[in-house]
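Structural overview
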Amino acid sequence: MDVYSDGYISAEDGVIYVRELNTIVNGQSFFLFGEADLLESDNVSAKWKLTAPILQWDDFVLKDVVFPFRYYQNNIWMDDSEVSHRGGEIKAHVIYDSAEGVLTGFAKVNNVDQPLGDDDSVLVNGTLGILIRKGVNTAFVYIAADTFGAKWRDMTFSNLSMDGDFDGEKINITHISASADQGDIALTGAVGLDGSLNLNGRMAEFTIDQFLKEVDENGKGLCSVAFLVEGNRKGAGICRSTAVP
């Protein structure tokens, strides 16, 4: 890991002050501002802000990054964090209890146009409630949203809920469910950090039009169907589908 820093750091009466510390880690550049009170080892406190014009991992790009955070008595607060992403913005407020290993908070998503393959995307809006609990070798993830809207082509999904765990390489999805304009959808499976997808799904009383287009067929009406999705975030396909009662 290549790390380079340039800026102003000072210390006085047990307090460390940082002003415009430009840090570059593996080519990613960001600025740090803040202070940390280390005078009492059992009562350490800190207040920082990280900003960056752009941060990028592979094809995942965040712009206009602002991450303010505070630390006191084993708790880390990230108040009013915000980023620009895919033509929209994401604002978040989270609290992490390091003693208990629990992160709680919410994220508000506004007009983020997330690609699905090379020529498709889903437009996401809404507020997501988040709970992440640290386990022995994994982290358990819970997400819920009743003020949520994801628009894909002519369909809008709402009332999102998800639970699963993260093992360091992939998110193992125990359950994802959402309601559509007509019908409901549920998914289980895994999403890898490398972008790989392996999902089993079921749609109940669903408008069939868009689903048939994905398998190069035409038709209208309602159906219930089980399906398998494989591929990666740059291009996934429905590999098998089965109509069910």
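Every value quoted in this text rests on a predicted model; they were computed, and no experiment measured them.

Rules and cut-offs
- Residues numbered from 1 in each chain as written.
- Predicted model: local features only at pLDDT ≥ 70, side-chain atom pairs only at ≥ 80, totals over all residues.
- Heavy atoms only, no water.
- Helix = DSSP H or I, 4+ residues; strand = E, 2+ residues; numbered from the N terminus.
- Buried < 20%, exposed > 50% of the residue type's maximum accessible area, 1.4 Å probe, protein only.
- Contact = heavy atoms within 4.5 Å.
- Areas by Shrake-Rupley, 256 points an atom, 1.4 Å probe, with all protein chains shown as cover.
- Lys, Arg positive; Asp, Glu negative; His and termini not counted.
- Charge placed at Lys NZ, Arg CZ, Asp CG, Glu CD.
- Pairing = 2+ DSSP bridges.
- Core = buried A, V, L, I, M, F, W, Y, C linked by side-chain atoms within 4.5 Å.
- Salt bridge = Lys/Arg side-chain N within 4 Å of Asp/Glu carboxyl O.
- Polar contact = N/O pair within 3.5 Å; in protein donor to acceptor, adjacent residues only side chain to side chain.

This part takes up the overall build of the protein. From N to C terminus, the protein includes one helix and 16 strands. Expressed as a percentage of its 245 residues, the buried residues of the protein come to 32%. Taking as baseline every contact in the protein between residues at least 6 positions apart, the subset at least 24 positions apart corresponds to 27%. For the protein, the exposed surface amounts to about 14,600 Å²; the carbon and sulfur share of it is 54%. Across the protein, the mean location of the 19 positive side-chain charges is 4 Å away from that of the 37 negative side-chain charges.

One ladder, built from five bridges, connects strand 5 (residues 60-72) with strand 6 (residues 75-85); its direction is antiparallel. The residue bridging Y72 from the neighbouring strand is N75, located in strand 6. Counting the residues in the hairpin turn of strand 5 and strand 6 gives two residues, including Q73, whose phi is positive at 50°. Across nine bridges, the pairing between strand 6 and strand 7 (residues 88-97) is antiparallel. If you follow E82 over to strand 7, its bridge partner there is K91. Between strand 6 and the antiparallel strand that follows it, strand 7, lie two residues; R86 among them carries a positive phi value of about 50°.

Counting 29 residues, the largest nonpolar core has F148, F157, I185, F206 and F227 as the members making the most contacts within it. Elements with a minimum of two residues in this core: strand 8 (102-115), strand 9 (121-134), strand 10 (139-152), strand 11 (155-166), strand 12 (170-180), strand 13 (184-192), strand 14 (196-207) and strand 15 (222-232). A total of five residues in this core trace back to one element, the largest contributor, which is strand 10. When sequence neighbours within four positions are dropped, the list of residues in contact with I185 reads F157, I176, S177, A178, R202, M203, F206 and F227.

So, on to unusual backbone geometry. Its identity is not glycine, yet R86 carries a phi of approximately 50°, on the positive side. With respect to the helices, strands and loops of the structure, R86 is situated in the loop between strand 6 and strand 7. When its relative accessible area of 35% is taken as the criterion, R86 is described as partly exposed.

With eight bridges joining them, strand 13 and strand 14 adopt antiparallel strand pairing. Across the sheet, residue V191 finds its bridge partner in strand 14, namely L197. Hairpin geometry of strand 13 and strand 14 is characterised by an intervening segment of three residues between the two adjacent antiparallel strands and by a positive phi of about 95° at G195. With ten bridges joining them, strand 14 and strand 15 adopt antiparallel strand pairing. Residue pairing for strand 15: S196 is matched across the bridge by N232.

Next up on the list: the pattern of salt bridges. Applying the stated criterion to the full structure yields two salt bridges. One salt bridge in this structure joins R70 and D79, with 2.8 Å as the shortest N-O distance. Assessed through its relative accessible area of 17%, D79 is described here as buried. The partner of K170 in a salt bridge is D167, with the nearest N and O atoms 2.8 Å apart. Taking the relative accessible area as the measure of exposure, K170 reaches 29% and is therefore partly exposed.

Right, let's get into the environment of F140. Summarising the element assignment, F140 is placed in strand 10. Residue classification places F140 among the partly exposed residues on the basis of a relative accessible area of 29%. For F140, the residues in contact, after removing those within four places along its chain, are L131, I132, R133, G135, G164 and D165.

This next bit is on the side chain of S177. Within the secondary structure, S177 sits in strand 12. At a separation of 2.8 Å, a polar atom in the side chain of S177 contacts the side chain of S161. Reaching out from S177, the side chain makes a polar contact with the side chain of H175 at a distance of 3.2 Å. Apart from residues no more than four positions distant in its own chain, S177 is found in contact with N159, L160, S161, I185 and A186.

In short, shape yes, function no, at least from these values alone.
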